[in-house]
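Next come the chains, spelled out residue by residue.
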Amino acid sequence: MRLAYGGFASLYLLLSLIAVHREPPQLVVVLCATAANAAALAPSRWRTRAAAGAAALSIGGTAYLGLAADLRHSNPAVLAEIGGLLIIIARTVWKDPRDRLVPLAVVLGAAVLTIPLRWAPVVALVFTAPLGITVAVALGVGLYLRAIDARRSRSLAAARRDERLELARDLHDFVAHHVTGIVVQAQAARFAAQSGAAQSPDQLDTMFAGIEKAGTEALTSMRQMVGLLRDAQHTGAADGEAFGTAPGAAGGAATRPVGDLSRLRDLVAGFTDPPATLALASDLGALPPEVAASVHRVVQESLTNIRKHAADAASVRVAVARTAGGSVEVSVRDDGQGRGRRLPSSGFGLAGLTERVDALGGRLHAGPRPEGGWEVVAVFDCSALGVRR
């Protein structure tokens, strides 16, 4: 769009330059119009300086034409100048920081409203009020876009915060699970010692290895939880939109699996419209609790996304398998053509999932499939969690 506007503005200014007399006042109008449209197309890093420069040049051109020169003829380039300045106003109000917004908006508005002063006073009386309305419209457009961006940022931050808190709660439960395992195995070792039963070195090594593994997993979960909560302190808190809760899932701790995928089977089996199938690889083994819970979460959000945005899907395939490198891959694929999921404003559940998967050292992909439909694929590197398969 920027390229198209730039081409149109360039052609219009060129035709304006050809149509007018080669007099200094007319060339000044073309120069001001060129500067305004160049500033409207300026990259983000030069946006503020370009806007201030275009406003200053326009006001300076008005002062020169109104006081020191005689603009006898109309110039079509002035319409391009007004259009460029209005675009700059909307863009400034939309994107610029608060401390620069008001001064720039005032200067740019003044540049537009003073343009009629280049001609006779009667012209200024006739055109100042309509120009004021256009300035107000540009300000309104900028404020509306700014409000949309702010609302989306708050919703995105809220989705990430909620997912972090959910994962932190999961990790808290996992730490308790690991510590319970340590206590049970230590009690078993004490009981064996107190009973006087002779323990072979292999038996003792097995007991201590179990305690060591549970302790390592507890420390890993604790580090992840602390790091996640430390990052969450820098995330804004606000109410936001998420994908929702899939059928069969509730908010209590009992819905979160600890070390197995039995609840995943129930979740997929309860998704019947469209019918979903589950394929679990035989070589999965015992997954780390964090991975098992996150696999469940990815499938839950993906199925809810399908229900909301792919009502035309005829089938859904859920698969959990080991990759060649030993990582765990969970994929949810459907054959629906629903387009809602392609829109940035369709929801923030994927942002929350990305937060969860990244926290566990994994990666998440969500997007359309080449053969049609949609897919969500998450890969968890179990070796990054510091646990053994």
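The preceding data block contains the structure.
Because the structure is predicted, anything quoted here is derived from the model rather than measured.

Caption draft 1: Here's a closer look at the pairing of strand β3 (residues 328–334). Most of β3 sits inside the fold, with five of its seven residues counted as buried. In this structure, strand β2 (residues 316–322) lies alongside β3, joined through seven bridges in antiparallel fashion. Its bridge partner lying in β3, Val 316 is registered against Asp 334. Where β2 folds back onto β3 in an antiparallel hairpin, the turn is made up of five residues, including Gly 326, whose phi is positive at roughly 95 degrees. Pairing between β3 and strand β5 (residues 374–380): seven bridges, direction antiparallel. Paired with Arg 333 across the two strands is Glu 375, which belongs to β5.

Caption draft 2: Quick look at the nonpolar core. Counting 32 residues, the largest nonpolar core has Ile 82, Leu 85, Leu 86, Ile 88, Ile 89, Leu 108 and Val 112 as the members making the most contacts within it. Put simply, the parts of the chain that give this core at least two residues each are α2 (24–40), α3 (47–68), α4 (77–95), α5 (98–113) and α6 (121–194). With nine residues, α4 is the single largest residue contributor to this core. Counting residues in each nonpolar core, the second largest holds 31 residues, with Val 268, Val 299, Leu 303 and Val 376 among its members.

Caption draft 3: Molecular detail of the environment of Ala 136. Position of Ala 136 relative to the elements: it lies in helix α6. For Ala 136 and Ile 89, which are 47 residues apart along the polypeptide, the C-alpha to C-alpha distance reads 9.7 Å.

Caption draft 4: Structural detail: the packing of aromatic side chains. One pass over the structure, following the stated rule, counts zero aromatic pairs. In this arrangement the basic side chain of Arg 45 is found over the ring face of Trp 46, its NZ or CZ atom lying 4.6 Å from the centre. Above the ring of Trp 94, the side-chain terminus of Lys 95 is found at 4.2 Å from the ring centroid.

Caption draft 5: Representation of the sheet that holds β5. The five strands are arranged β1-β2-β3-β5-β4 in an open sheet whose pairing can be described as mixed. Because the sheet does not close on itself, it has two edges, and the strands there are β1 (276–280) and β4 (363–368). Each adjacent strand pair in this sheet contributes to an overall mean axis angle of 10 degrees, direction not counted. Examined bridge by bridge, β4 and β5 share six bridges and lie antiparallel to one another. Across the sheet, the residue bridging to Gly 367 is Glu 375, located in β5. Helix α8 (residues 262–269) rests against β1 and β2 of the sheet, and its axis sits at about 155 degrees to β1. Each of β2, β3 and β5 is contacted by helix α9 (residues 289–309), which is oriented at about 10 degrees to β3, the strand it contacts most.

Conventions we followed
Residues numbered from 1 in each chain as written. Predicted model: local features only at pLDDT ≥ 70, side-chain atom pairs only at ≥ 80, totals over all residues. Heavy atoms only, no water. Buried < 20%, exposed > 50% of the residue type's maximum accessible area, 1.4 Å probe, protein only. Helix = DSSP H or I, 4+ residues; strand = E, 2+ residues; numbered from the N terminus. Pairing = 2+ DSSP bridges. Core = buried A, V, L, I, M, F, W, Y, C linked by side-chain atoms within 4.5 Å. Phe/Tyr/Trp six-rings, centres within 6.5 Å; stacked < 30°, edge-to-face > 60°. Lys NZ or Arg CZ within 6 Å of the ring centre and 35° of its normal. Axes fitted to C-alpha atoms, helices over the stretch in contact; angles between N-to-C directions. Contact = heavy atoms within 4.5 Å.

Scope: geometric values only; no functional claims are made or implied.
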